[in-house]
Amino acid sequence: MAIWNLGSINADMVYSVPHLPGPGETLAADDLSRFLGGKGANMSVAAARAGSHVCHIGAVGPDGGWAIERLMEYGVDTRHIEQVATATGHAIIAVDRGGENMILLYPGANQVISGDGISVALTAAQTGDTLLLQNETNAQAATAALGARMGLRVCYAAAPFDADAVKAVLPHLDFLILNAVEAEQLADATGYGPEALPVRDVIVTLGAKGARHFDTNTGETRLFPAIPVTSVDTTGAGDTFTGYVLAGLDRGLPMAQSIMQATRAAAIMVTRHGTADVIPDLKDVQEFRPD
Ligand code: RIB
């Protein structure tokens, strides 16, 4: 089985700051580091590190060769990443001393991925493979529809959240992940809470409280508590969680086991500074001994 991820690829410029800046404020950073990022790339790396075969579908600019090389180094299949004339996406990320962040995105090449390139990539997908999408690329609805027609497990990470973007892919989804505030916003926009959405599996993440899974077929819900750790940087922790859950399912693990493994991976991730480059691998996750 494989995971096909239509996902963003960014250069993350991460600034350590004493506090998150307010409107009109000029703030000096204590430190600057560059990481591979983008919610899509983070999820691809997480799923690859969790043991899945991951084919990333996306685009970088003429300046983005380093990002493709790094994805390859992390075990991601990069054959379907185009190089386009538009500059590679980037993110300016401020992280405060408590580990909270603020992100400013320049989408760049992530918004000009060619529809033909996506269709060609997916010709190699097999029924039962996973198709993953997030809200940082173009062509989400058309790709979700194609994936559903092909019998792929269509999964959507609703981040950055936009109710209209979710509504556009909703008829095609098998799996949806979003946070509690977003679940309320989606309920306002659709009239459906997570338990009533027309999506087989819904996960609502609850930050430090963990995550709740809704099996809308059986009506069962289950809370998976988070593992308490001292957080230094929450950036990319949600992406790590999503990548691990989907890799678990792709590798045939039951939902509960996939979520528990993802919870451990996300707990490790918040103790590290950075994004895709520092996502834990399966060995880290298995050896992890929380305090
Ligand atoms: O979720 C974290 C990610 O959001 C960062 O890597 C950044 O690039 C933005 O896409």
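Before reading on, note that the structure itself is shown above.
Residues numbered from 1 in each chain as written. Predicted model: local features only at pLDDT ≥ 70, side-chain atom pairs only at ≥ 80, totals over all residues. Heavy atoms only, no water.

(A) Fine view of the packing of helix H7 (residues 237-250) against helix H8 (residues 255-269). Two numbers describe how H7 lies on H8: the axes approach to 8 Å, and their chain directions differ by 150°. The pairing of H7 with H8 is recorded here as roughly antiparallel in orientation. Helix-helix and strand crossings are classified by hand; for H7 and H8 the assignment is right-handed. Across from Ala-237, Thr-240, Phe-241, Tyr-244, Val-245, Gly-248 and Leu-249 in H7, the residues of H8 making contact are Met-255, Ser-258, Ile-259, Gln-261, Ala-262, Thr-263, Ala-265, Ala-266 and Met-269. When its residues are assigned to classes, the contact of H7 with H8 shows eleven nonpolar, five polar and no charged. (Axes fitted to C-alpha atoms, helices over the stretch in contact; angles between N-to-C directions. Helix = DSSP H or I, 4+ residues; strand = E, 2+ residues; numbered from the N terminus. Parallel < 35°, antiparallel > 145°, perpendicular 65-115°, else oblique. Left-handed = near helix turned anticlockwise from the far one by under 90°. Contact = heavy atoms within 4.5 Å. Nonpolar A, V, L, I, M, F, W, Y, C, P; charged D, E, K, R; others polar.)

(B) Up close: unusual backbone geometry. Cis peptide bonds are those with omega within 30 degrees of zero, and the linkage from Ala-159 to Pro-160 qualifies with -10°. Looking at the secondary structure, you find Pro-160 in the loop between strand S9 (153-157) and helix H5 (163-169). Of note in this structure, Ala-139 is not a glycine but carries a positive phi near 65°. Among the secondary structure elements, Ala-139 is positioned in the loop between strand S8 (130-134) and helix H4 (140-149). The class of Ala-139 is partly exposed, set by a relative accessible area of 27%. (Buried < 20%, exposed > 50% of the residue type's maximum accessible area, 1.4 Å probe, protein only.)

(C) Highlighting the site of the ligand. Close to the ligand lie 14 residues, the nearest being Asp-12, Gly-38, Lys-39, Glu-136 and Asp-239. Asn-10 is positioned such that a nitrogen or oxygen atom in its side chain is 2.9 Å from an oxygen atom of the ligand. Between the ligand and Gly-38, the relevant distance is 2.9 Å, taken from an oxygen atom to a main-chain nitrogen or oxygen of the residue. Here the ligand, which alone exposes 280 Å², has 96% of that area covered by the protein. Where the shell around the ligand is concerned, the elements lending two or more residues are strand S2 (10-16), helix H1 (39-49) and strand S7 (101-106). Across the shell around the ligand, the residue classes break down as three nonpolar, seven polar and four charged. (Near = heavy atom within 4 Å. Polar contact = N/O pair within 3.5 Å; in protein donor to acceptor, adjacent residues only side chain to side chain. Areas by Shrake-Rupley, 256 points an atom, 1.4 Å probe, with all protein chains shown as cover.)

(D) Structural view of the side chain of Thr-275. Mapped onto the elements, Thr-275 comes out in the loop between H8 and helix H9 (282-287). Here Leu-36 takes part through its backbone oxygen, which lies 3.0 Å from a polar atom of the side chain of Thr-275. The contact partners of Thr-275, leaving out residues within four places of it in the chain, are Asp-12, Phe-35, Leu-36, Gly-37, Asn-42, Thr-235 and Met-269.

(E) Quick peek at the pattern of salt bridges. This structure, assessed with the given rule, holds six salt bridges. A salt bridge links Glu-287 to Lys-283, with the nearest nitrogen and oxygen atoms 3.4 Å apart. Residue Glu-287 and its partner Lys-283 are both found in helix H9; the two are separated by four residues, about one turn of the helix. For Glu-287, a relative accessible area of 49% puts it in the partly exposed group. (Salt bridge = Lys/Arg side-chain N within 4 Å of Asp/Glu carboxyl O.)

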